Amino acid sequence: MNGFKLSGRESLGIEFGSTRIKAVLIDESCNAIAFGGYTWENSLENGIWTYPLSQVWEGLRSAYAELNEDVKAKTGEYITSLASIGFSAMMHGYLPFDKNGNQLAQFRTWRNTITAEAAAELTELFSFNIPQRWSIAHLYQAVLNGEEHINDIAFLTTLAGYVHWKLSGEKVLGIGEASGMFPIDCAAKDYNADMLDKFAALEKVKACSWDIKEILPKVLVAGENAGCLTEEGAKLLDKSGNLKAGILMCPPEGDAGTGMVATNSITERTGNVSAGTSIFSMVVLEKPLEKVYEEIDIVTTPSGSDVAMVHCNNCCTDLDYWVNIFAEFAKASGSDMPKYKIYDLLYEAALSGDADCGGLVNINYFSGEPVSHTQDGRPMFLRSQGSAFNLANFFRAQIYSTMSTLKIGMKFLENEGVKIDRLMGHGGLFKTPVVGQKLMAGAMNAPVSVMETASEGGAWGMAVLAKYATENEKPLENYLEEKVFASCKSSTINPDPEDVEGFEKYMKTYVAALEAEKVAYLNID
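Computed from a prediction, not measured in an experiment: that's the story for all the values here. As a convention, each chain's residues are numbered from 1 in the sequence order in which they are written. Per-residue local features are limited, in this predicted model, to residues with pLDDT of at least 70; the limit for side-chain atom pairs, both in listing and counting, is 80 or more; totals at the level of whole chains, interfaces and linings are taken over all residues. Only heavy atoms go into the side-chain values, all of them from the structure, while hydrogens and water stay out.

A word on the overall build of the chain. Runs of E in the DSSP output that reach at least two residues are strands. Runs of H or I that reach at least four are helices, and both are numbered from the N terminus. Per the secondary structure count, the chain includes 17 helices and 23 strands. With the radius of gyration taken over C-alpha atoms, the globule rule is written as 2.2 Å times the number of residues to the power 0.38. Compactness check: the chain gives a C-alpha radius of gyration of 23 Å against a globular reference of 24 Å for 525 residues, within 12% of the reference. Across the 525 residues of the chain, 58% fall into the buried class. Neither His nor the chain termini are counted; the positive set is Lys and Arg, and the negative set is Asp and Glu. All charge positions are set by atom: Lys at NZ, Arg at CZ, Asp at CG, Glu at CD. Each charge class in the chain was averaged separately, 44 positive and 68 negative side chains, and the resulting centres sit 3 Å apart. When a residue's accessible area, from a 1.4 Å probe over protein chains only, is under 20% of the maximum for its type it is buried; when over 50% it is exposed; and in between it is partly exposed.

A few words now on the nonpolar core. To form a nonpolar core, buried Ala, Val, Leu, Ile, Met, Phe, Trp, Tyr and Cys residues must be joined to one another through side-chain atoms within 4.5 Å. Membership of the largest hydrophobic core comes to 132 residues, with the highest contact counts inside it found for L139, F199, W210 and I399. The biggest single contributor to this core is helix α13 (residues 391-415), with 10 residues. Filtering out sequence-adjacent residues up to four positions away, F199 remains in contact with L122, L125, F126, I136, L139, Y140, F182, V205, W210 and I212. Counting 43 residues, the second-largest nonpolar core is a separate cluster that includes A63, F155, L229 and M249. Pairs of residues are marked as contacts when any of their non-hydrogen atoms sit within 4.5 Å.

Of the two faces of strand β22 (residues 448-451), the one carrying V448 and V450 and the one carrying S449 and M451 are both buried. Note on pairing: DSSP must find at least two bridges between two strands before they are called paired. Relative to β22, strand β21 (residues 422-426) runs parallel, the two sharing two bridges. Counted as the bridge partner of M424 is S449 from β22. With four bridges connecting them, β22 and strand β23 (residues 490-493) associate as antiparallel partners. Paired with V450 across the bridge in β23 is S491.

Here D98 is to be found in the loop between β7 (95-97) and α2 (116-126). We define a salt bridge as a side-chain nitrogen of Lys or Arg found within 4 Å of a carboxyl oxygen belonging to Asp or Glu. Despite its burial, D98 pairs with no opposite charge, the nearest such side chain being K99 at 8.3 Å. Pairs of N or O atoms are called polar contacts if they sit within 3.5 Å, as long as, within protein, a hydrogen donor faces a hydrogen acceptor (for residues adjacent in sequence, only side-chain-to-side-chain pairs). Polar contacts involving the side chain of D98 include one to the main-chain amide nitrogen of N102, which spans 2.9 Å. Ignoring anything within four residues of it in the chain, the contact list for D98 reads L104, D152 and A154.

For the coordinates displayed, the defined rule picks out 20 salt bridges. The salt bridge involving D70 is made with K74; its shortest N-O contact spans 3.1 Å. Of the two residues, D70 and K74 both sit in helix α1 (residues 53-75), four residues apart, roughly one turn of that helix. With relative accessibility at 18%, the residue K74 sits in the buried group. With a closest N to O distance of 2.9 Å, K407 and E414 form a salt bridge. Each of R396, K438, D496 and D499 takes part in salt bridges that share partners, so that together they form one network.

Here we take up helix α4 (residues 159-168). The buried fraction of α4 amounts to nine of the 10 residues, a majority that puts the element mostly inside the structure. Of the residues making up α4, those classed as buried are L159, A160, G161, Y162, V163, H164, W165, L167 and S168. Positive backbone phi, approximately 85°, marks G169, located one or two places after α4.

Here we come to the packing of aromatic side chains. Stacked, edge-to-face and tilted are the three classes for Phe, Tyr and Trp ring pairs, Trp counted by its six-membered ring, which pair at centre distances within 6.5 Å; planes under 30 degrees apart are stacked, over 60 edge-to-face, the rest tilted. Overall, the coordinates contain 27 aromatic pairs when judged by the stated rule. Here the aromatic residues W57, F97, F155, Y162 and W165 are joined through ring pairs into a cluster of three or more. Either the NZ atom of lysine or the CZ atom of arginine qualifies as a charge over a ring when it sits within 6 Å of the ring centre and within 35 degrees of the ring normal. R111 extends its terminal NZ or CZ atom over the ring of W49, reaching a point 3.8 Å from the ring centre. Residue placement shows K171 over the ring face of F155; its charged tip is 4.9 Å from the ring centre.

As a further point, take the sheet that holds strand β18 (residues 306-312). Read across the open sheet, the seven strands follow the order β17-β18-β16-β15-β21-β22-β23; overall the sheet is mixed. In this open sheet, the two strands that pair with only one neighbour each are β17 (297-300) and β23. Each adjacent strand pair in this sheet contributes to an overall mean axis angle of 25°, direction not counted. In this description, a line fitted to the C-alpha atoms serves as the axis of each element, helices being fitted only across the stretch in contact, and the angle between N-to-C directions of two axes falls anywhere from 0 to 180 degrees. Across the sheet, α13 lies against β15 (270-275), β16 (279-284) and β18, angled at about 25° from β16, the strand it touches most.

Relative orientation of the contacting elements helix α15 (residues 457-468) and helix α16 (residues 476-484) amounts to 105°, with a least axis distance of 12 Å. In terms of their interaxial angle, α15 and α16 are classed as roughly perpendicular. Taking contact as the criterion, the partners of W460, V464, L465, K467 and Y468 in α15 are, on α16, L476, Y479, L480 and V484. Note on angle classes: values under 35 degrees are labelled roughly parallel, values over 145 roughly antiparallel, values of 65 to 115 roughly perpendicular, and the remainder oblique.

Written out as C-alpha cells, the structure reads:
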C-alpha cells in the first residue's frame, strides 16, 4: 500500500494513442495515483491504415483492468465509483455508422493519405485548409468515390467520440476534437455554419440521403456535461463488474487537446511541441491568420480558442534506428551499457557539436511530409567532402532532423507575426535532460519549458479535463493555473543565439537536400 485510500471522488482519463492505450487515475488534487496500459498497432488492410473496433474494446478493458489492479495493490480494494471519466484518442479519421449503429466502413485513421482530391476541393471551397486526415475530407472523398455505404450513414464520429457514445449513449465531441472533423466557429463554439451550408450545396453531397448537420456529433466545450456512464457502458469498461453506472462523463477530446492541457498551453501566445514518433506544434493564436496555409491546420483548445497546428509525420523513428546501430556496436564490443544510457551518451555528445552540424545533414523521412511537399520517404544521411564528420556533429544532425520539417511549417507563423512567449516540450525527444530542450529552443527561436508532469501525457490531461467537469466554476485557463499547475516545477531554456544562427544555416542545407530526397523515393524502392 502506498498510503492513499479510494474516496469515489477520483477521476479517470483514458487515451487511445497510435501505439498505446493509456489509463490514468487522479485524485482530487489532480495527482496521478494509478496507471494502466495496452499496446497495439495499426495495420494496412486493403490499402487502409486501420484498427479493428474489436481491439478497441479489448484494449480499453485491458488498460482499465491493469489500472484497477494497480489500485488494488495500492489500496487493497478495486474501483467501484468515480467522480468523472473522460476519453481521448488520436484525432481525425473516419468512423461512419448506420441508423442501427452498425459500422459501415473500416476505421480510417489519421495516418491515411487517400483524400487528396477531396481535401483540395474543400480547401478551395471554404478558403480554409482542410488536411487529408480530417473527417470531412474522408467523408467527401467517399462521396466522390461513390462508395456503397454512403447513403446508409446516420452518424459520423472519431475514435474518441465512438468510445464515448458506446459508454454513455451520447453522440458528442469536445470542441478540440470536433475541430479535426469540420472547421469550427470559435465565437459560436460550434461547427462553422457557412461552411456547413457550402458543403451541403455541393452537387454530389445534395444527392446523398443525409444532412451534414445531422450526422456530425454535437459540439461541447470543456467543463460541460457530456452524459453519464450507462449500465451497458460500465460492463464494457470493467469486465469485473465492480464499476457502478451513473458516473459523470466529460466531453471526449483529441490527443492534441489533452497535450495542451497536460502542458498548460491553452492561453494565447503559448504553445507546445509533442515530439515522439511524429512531431507537432500547437500555438494558441491571438487573432486569426491572414492567409490560408496548407501546411497549417487551424484547430481549437478544449475551451474553443483558435490554435495553429503544424503536424509532421516523422520525428524520432530514424534517430532510434541509429541508436540501435550504436547499441549493436556496444554489445559487439563486450559492453553491457543499457540502451537508455546509450541514448543519453549520444544526446549529450550532440551538445558539443558545431551549431550547424559542420555541414552534415540528415533527412529522417520514413513517410511523406505534406509540410515539405514530399510524397514519400527514404531516410538518408548526407555530407560533403569537406564537412566536419564526427560523432557530435553526426548525432546533432540526427536531433536537428527531428525538428526540421516542423521548422518549415513554423516559418509561416513567424511570417504572420505570431508571437510565442513559451513552448512546452513533451515526448521522447525531451527525455534526456537539457539536450532536446536546448536544441529545440534554438530551432524554434523561442523559450522551451519542460514540466515534471508532462511525462504523464495525454491520459493525465484527459483525467484533468474529467475532473474539471466536476469543478467548472471558473474558466479552464484559470483552473489549470490556479489548481493544477500552481506548484508544478518546470525548467525553461532560452534560445542560444549561436544555436539559432547555426540551425538557420543547417536548414538551408536541409531544404536543398530535400531535392535529393524526392529523387530517392522516386527511384529507389
